[in-house]
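# Summary of structural features
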Amino acid sequence: MDGRPRDAPPRPGDEGVALHSQESDDPVGGGATAGHLEAAASKVDPRPAAVTPGADTQDRELTCDPLEVSSDVNASSPVGGRSLPSRNTFESGRSRGTVGQPAPDAELQSRRPGIVDYFSSRKQPPPAGNSVAGWKLFGKVPPKQSPSRHARVVQQDYEARQVAARCSPTHHATGQQSRKKVDLEPSSTTALILENRPPNLPAKSAAETQRHQREYEEMVAAAKRRQLRDAQRRQQQDEQRRRQEEGVSSAALVWDQIILPQWDAMKWSCCAQDLWWAGLPPSIRGRVWSLAIGNELNVTAELYHIFLSRAQENWSASQSQAGGDSGLALIAQDISRTFPPLCVFQKVSRVHMRLTSGSDRSNSGFYFVDGPYHLLLQSILGAYVCFRPDVGYVQGMSSVAAVLLLNTEEVAAFIGFSNLINRPCQLAFYRGDHQLMLGYFKAFQVFLEELLPRLFLHFQSLGLTPDLYLMDWILTLYSKPLPLDVACRVWDVFFRDGEEFLFRTALGILRLHRDVLLHMDLVSIAQFLARLPEEEQLSDRLFSCISATPMLSRNRTWNQVLTSCGAKRSVS
């Protein structure tokens with residue numbers, strides 16, 4: 001610069017040059033001569049003006065390019081004895097009119113630029129060879145010294161800078177390696193710590209680079225360990241599932257070929273007892289349950305159909321009446337809440353049906369259909385109400401009948417359900433015999449106090465009595481609080497060991513969730529025990545707790561403690 005500030009007014013000589021470059025029309029000759037242009041160029045200050053960042057846009061709009069003006073002027077002036085065509089139609093016409101050669105209208109019309117040419121001419125960048133300083137409103141600006149470069153050249157320069165950075169002494173001192181050689185990259189954000197800072201920021205020091213490299217390696221190592229643990233866990237689960245399937249297949253073969261053909265002789269053998277504890281295979285579960293429950297009531301298929309026809313007559317009569325039977329209404333209400341995730345026992349299910357063939361597709365849409373087991377469950381419960389009117393229907397029976405119906409046929413399910421409800425413990429709870437129920441609760445309290453003393457004192461301090469959670473567990477035989485597969489395994493051993501295993505299962509559940517229950521209040525415990533959480537490997541963990549809970553209290557068995565607590569009924 002010449003020592004003047006940017007916002008200083010131009011000197012007199014500069015104003016003359018500017019005015020002369022813009023108003024170079026000769027009234028006599030009709031155009032600027034080469035001598036005028038040389039004089040104007042000699043007055044231009046060759047020293048470039050400093051350009052502030054961010055002024056690029058303003059420079060383009062306010063700068064007058066002298067080359068562009070001179071080209072227009074030279075085009076309209078005679079150079080070397082011939083006149084060049086001018087882009088300025090007005091100046092060309094005026095210059096020709098001066099010498100007495102009027103321009104035809106057709107020629108002027110063809111040389112007049114259109115709107116597309118106007119905007120395209122403004123978008124054209126200045127010539128690359130421009131070395132003369134430009135002009136703007138309040139001072140000079142330097143010309144554009146960085147012409148457009150090809151993309152391949154830019155890419156080659158970038159790669160050269162990367163190679164130079166990798167070959168620098170700082171890079172070799174830190175031992176940084178290319179991230180392409182890393183086997184595992186946890187995420188893009190993790191690898192950002194290895195990136196160099198932008199050029200306008202200070203470069204990383206050697207210590208900071210080493211620290212970032214160490215942090216990145218720790219992150220990658222942690223991600224590898226986590227993925228390795230997940231892979232090992234999935235492999236263990238697959239291996240365990242495979243062993244479980246193989247065990248179920250071999251157990252089903254033993255049950256089907258050895259134990260079931262000789263049931264009376266083999267049911268108390270060690271082999272059968274061990275297989276029973278491990279859980280019955282689903283393929284033979286219904287047959288084993290029917291044999292284990294027995295048929296002390298001598299219920300037959302003909303008897304079932306007789307009571308079923310009576311139940312259908314009662315349903316027809318209740319539908320014709322205004323109020324209807326309350327027992328049948330309770331059955332319908334309880335069936336709708338039986339295993340809702342399965343959607344097989346509900347009265348209606350919303351199913352989308354779309355016609356894929358035929359011309360008439362207007363009937364496509366949602367339809368309401370009954371579940372496949374709805375009528376079967378309703379028939380079993382209605383026939384039992386007619387078979388045992390002294391017991392009637394109690395809420396919770398639908399879950400028990402549904403589990404039997406999922407594993408056996410309709411008639412076998414009714415026979416098993418009738419004999420199962422006839423057992424002393426179930427009959428006491430379904431009939432509401434308060435004296436017997438109180439005796440069962442007292443006996444359970446004795447074992448709870450001896451086996452789980454801390455939990456017993458916690459329940460006692462909260463006023464939580466066994467009837468608040470045992471009632472629902474016994475009435476549904478754990479089919480409501482436990483997942484269906486775990487409940488079926490509980491049923492397997494219950495049919496082997498009798499009612500004692502029901503209370504042993506309750507102690508096993510409390511032992512399993514003891515640490516969680518000790519930090520809960522009364523309401524939280526009641527909600528937690530009403531629906532137990534589904535956990536991974538819940539069946540094995542629960543039965544491990546059950547096996548660690550012996551039903552012995554001061555060398556007394558369950559039956560002895562139950563008798564001492566006032567339960568006069570003998571167990572089967």
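These notes cover the structure that comes with them. (Residues numbered from 1 in each chain as written. Predicted model: local features only at pLDDT ≥ 70, side-chain atom pairs only at ≥ 80, totals over all residues. Heavy atoms only, no water.)

## Some thoughts on the nonpolar core
What counts, and what does not: Take the buried Ala, Val, Leu, Ile, Met, Phe, Trp, Tyr and Cys residues and link them wherever side-chain atoms come within 4.5 Å; each set so joined is a nonpolar core. Summary of the burial criterion: residues with accessible area below 20% of their type's maximum are buried, those above 50% are exposed, and those between are partly exposed, where the area comes from a 1.4 Å probe applied to protein chains only. By the criteria applied, helices consist of DSSP H or I runs no shorter than four residues and strands consist of E runs no shorter than two, each listed in order from the N terminus. Only heavy atoms matter for contacts: two residues are in contact if any of them lie within 4.5 Å across the pair.
W255, M397, Y469, F503 and L510 are the most contacted members of the largest nonpolar core, which has 109 residues in total. The biggest single contributor to this core is helix α20 (residues 434-451), with nine residues. Contacts of F503, omitting those with residues within four sequence positions, involve C425, Y440, F444, L470, I474, M551 and W558.

## A look at the pattern of salt bridges
Just so we agree on the cut-off: Salt bridges, as used here, are contacts in which a Lys or Arg side-chain nitrogen is within 4 Å of a carboxyl oxygen on Asp or Glu.
Counted by the stated rule, this structure contains 15 salt bridges. Between R337 and D334 there is a salt bridge whose closest N-O contact spans 3.8 Å. Here D334 falls in the buried class, since its relative accessible area comes to 6%. Here the salt bridges share partners, and the residues they tie into one network are E239, R242, R243 and E246.

## Structural notes on the packing of helix α16 (residues 374-387) against helix α17 (residues 397-407)
Formally: Note on geometry: axes are lines fitted to C-alpha atoms, helical ones only across the stretch in contact, with angles between N-to-C directions running from 0 to 180 degrees. Should an angle lie under 35 degrees it is considered roughly parallel, over 145 roughly antiparallel, and from 65 to 115 roughly perpendicular; all remaining angles are considered oblique. For any helix crossing, the convention is left-handed if the near helix is rotated counterclockwise from the far helix by under a right angle, and right-handed if that rotation is clockwise. Any residue outside Ala, Val, Leu, Ile, Met, Phe, Trp, Tyr, Cys, Pro, Asp, Glu, Lys and Arg is labelled polar, Gly included; the first ten of those are nonpolar and the last four are charged.
Relative orientation of the contacting elements α16 and α17 amounts to 125 degrees, with a least axis distance of 10 Å. Regarding the angle of α16 to α17, the classification is oblique. The two elements α16 and α17 cross, and the hand of that crossing is right-handed. Only M397, S398, A401, A402 and L405 of α17 make contact with α16, whose side of the interface consists of L376, L377, I380, L381 and Y384. Across the contact of α16 with α17, the residue classes tally to nine nonpolar, one polar and no charged.

## Some words on the packing of α16 against helix α18 (residues 410-421)
Where α16 contacts α18, the two axes come as close as 10 Å, and the packing angle between them is 45 degrees. As summarised for this structure, α16 and α18 are arranged oblique, according to the angle between their axes. For the crossing formed where α16 meets α18, the hand is right-handed. Residue-level contacts link L376, S379, I380, L381, A383, Y384 and F387 of α16 to E410, A413, F414, F417, S418 and I421 of α18.

## So, helix α12 (residues 270-278)
Heads up, the rule is: Comment: arc refers to directions from the helix axis out to C-beta atoms.
Burial in α12 covers these residues: A272, Q273 and W276. An end-on view of α12 places all buried positions within 100 degrees of arc, on one side of the element. Among the exposed residues of α12, those pointing more than 90 degrees away from its buried face are C270, D274 and A278. Elements that come into contact with the buried residues of α12 comprise α10 (206-259), α11 (263-266), α13 (285-293) and α23 (484-497). Of the residues flanking the end of α12, it is G279, one or two places downstream, whose phi is positive at about 105 degrees.

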